[in-house]
Amino acid sequence: MNFKPGSRLEIVTPQIVRFIFPEPDGGALAKVVAMHLGNRQFYRELGWGEKSW
Amino acid sequence: MEANTEYWDHSRFPRVKRIVFDNTLSQKDALELLKTGEGRVDLVTELSPLETLRVAESPFATGVKNRGSLMTVFGHFNNRKARSPWRDARLRQAVNLAINRQDLIRYATRGNGVTVPAFLPVQSFGYDPDLAPYPFEPDKARHLLRGAGYADGLSLTMIAPEDLEVQATVVSKMLEQVGLNLELQILDTTAFNRKTFLSSLEQPPEEQTWDIALTSQGDVQNFPVYLHYHDHALGGPWDWVSEEPELRRLYELVLGTVDRERQQTLIRQMERHTRDQAYFLFLYNPIQLYAVNKAVTFVPYVTTRLILTETSVTDQHWSVRQDGIKP
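Residues numbered from 1 in each chain as written. Chains lettered and ligands numbered in written order. Predicted model: local features only at pLDDT ≥ 70, side-chain atom pairs only at ≥ 80, totals over all residues. Heavy atoms only, no water.

**Here we look at the overall build of chain B**
Scanning chain B for helices and strands turns up 10 helices and 11 strands. Dimensions along the principal axes, computed over C-alpha positions, put chain B at roughly 75 × 45 × 40 Å. Taken across its 327 residues, chain B has 51% of its residues classed as buried. When the accessible surface of chain B is split by element, carbon and sulfur atoms take 48% of a total near 15800 Å². Each charge class in chain B was averaged separately, 36 positive and 42 negative side chains, and the resulting centres sit 3 Å apart. (Helix = DSSP H or I, 4+ residues; strand = E, 2+ residues; numbered from the N terminus. Buried < 20%, exposed > 50% of the residue type's maximum accessible area, 1.4 Å probe, protein only. Areas by Shrake-Rupley, 256 points an atom, 1.4 Å probe, with all protein chains shown as cover. Lys, Arg positive; Asp, Glu negative; His and termini not counted. Charge placed at Lys NZ, Arg CZ, Asp CG, Glu CD.)

**Remarks on the packing of aromatic side chains**
According to the stated counting rule, one finds 16 aromatic pairs over all chains in the structure shown. Seen in terms of ring centroids, F19 of chain A and F21 of chain A are 6.0 Å apart; in terms of plane orientation they differ by 10 degrees. Their pairing is stacked. Geometrically, the ring pair formed by F197 of chain B and W238 of chain B is tilted, given 5.1 Å between the ring centres and 45 degrees between the ring planes. In this pair, F197 of chain B sits in the loop between α7 (189-196) and β7 (212-217) while W238 of chain B sits in the loop between α8 (224-233) and α9 (245-255), placing the two residues 41 residues apart along the sequence. According to the relative accessible area criterion, F197 of chain B is buried, its value standing at 10%. Taken together, the aromatic side chains of F74, F119, Y134, Y229, F280 and F282 of chain B make up a single cluster linked through ring pairs. (Phe/Tyr/Trp six-rings, centres within 6.5 Å; stacked < 30°, edge-to-face > 60°.)

**A few points about the interface of chain B and chain A**
Taken together, the contact pairs 20 residues of chain B with 14 residues of chain A. Here chain B meets chain A over a buried area of about 1200 Å², counting both sides, of which 59% is carbon and sulfur. Inspection of the region where chain B meets chain A yields 0 salt bridges. Applying the counting criterion to the chain B and chain A interface returns 3 residue pairs in polar contact (both at pLDDT 80 or more). The set of elements that each furnish at least two residues to the side of chain B that touches chain A consists of α7, α8 and α9 of chain B. (Contact = heavy atoms within 4.5 Å. Buried area = accessible area lost by both parts, 1.4 Å probe. Salt bridge = Lys/Arg side-chain N within 4 Å of Asp/Glu carboxyl O. Polar contact = N/O pair within 3.5 Å; in protein donor to acceptor, adjacent residues only side chain to side chain.)

**Regarding the nonpolar core**
All names here are of chain B. With 62 residues, the main nonpolar core has I212 and L214 as its most contacted residues. Setting aside residues no more than four positions away along its own chain, I212 makes contact with G75, H76, F77, W86, V95, L156, T157, M158, I159, L175 and L281. Grouped together as the second largest cluster of nonpolar side chains are 11 residues, L34, A61, L289 and A291 included. (Core = buried A, V, L, I, M, F, W, Y, C linked by side-chain atoms within 4.5 Å.)

**Thoughts on the pattern of salt bridges**
Residue and element names in this part refer to chain A. Going through the model one piece at a time under the given rule, you end up with 19 salt bridges over all chains. Of the charged contacts, one joins R8 and E10 as a salt bridge, the two residues approaching to 3.6 Å between their closest N and O atoms. For R8, a relative accessible area of 44% corresponds to the partly exposed category. Judged by its relative accessible area of 30%, E10 is partly exposed.

As structure tokens, then:
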């Protein structure tokens, strides 16, 4: 559920951002809902998957 | 967790000052604390239907029902095991026709469920109101089993996690009524995942001997092509359907448009195709149950996520009451 290569994010104001996609992405809003904002240490040392839980 | 009193969106301003999530208590102990006093636990999630009756007797707690959740309880058919019989749609349809869903909901959940026509519950984006659930037709189920070459019955293994034990027991009895011989295995979460979560299997998919795995799926996005369809049928972590070209085609079309009406139409086509092909054992949409302190105004979300934005306390809550905590 990643955005396609070439996607960009512009910061318009402190409260508004604008996503720019290379082509229509019907799942974009759903992806934003499920976006993970994890600590980098999580991705570096643990990552997803039951073996890491 | 402390309230952010400088949050910019005043329409979603926090209504409580502090929330403590305590993961050190077992659900049983938390429920007991909630039922017998105040000041320690205000909210317990994932109640079993039996527990709600006990909560109703408490002077401190009350039960809250979340109708219309985006959750589905269903069964996977193991299409990936070697020489799987589940690639025959007649067998999958027969199993669906053998289930009396009204009785399942009545006996296994004490009425805390709603039938689903296919994969999606009524509040889901893409739910099709014109699609009917599989009827309870045991004679037709037996006919399909005979046609599929199982006139003398078929021995099956069904697995389920502990929280679906009652449901699995009822389902297994219904399947036995049409001539299927069931071995039911109730597994703890880790053991269940090692048989169903494709990236963590103890043995390769083709060596997994189970036939039906009961499970549940929610949808935090209300965009079921991802957490329902992708994850369970189109290459996701629990895809036991294996490759299915028509579903894949519809899935790509949904993602290729931002027209919500067009997306809804396409998801309804996915639902109809999935129902007709009986890719899953469709069971029900559970009503989510919570136990809550009587002085807490709890507002659940259909996603079942514990988002407490609208949740508040009354002036009788122990944290704000002038006379303190009741003994």
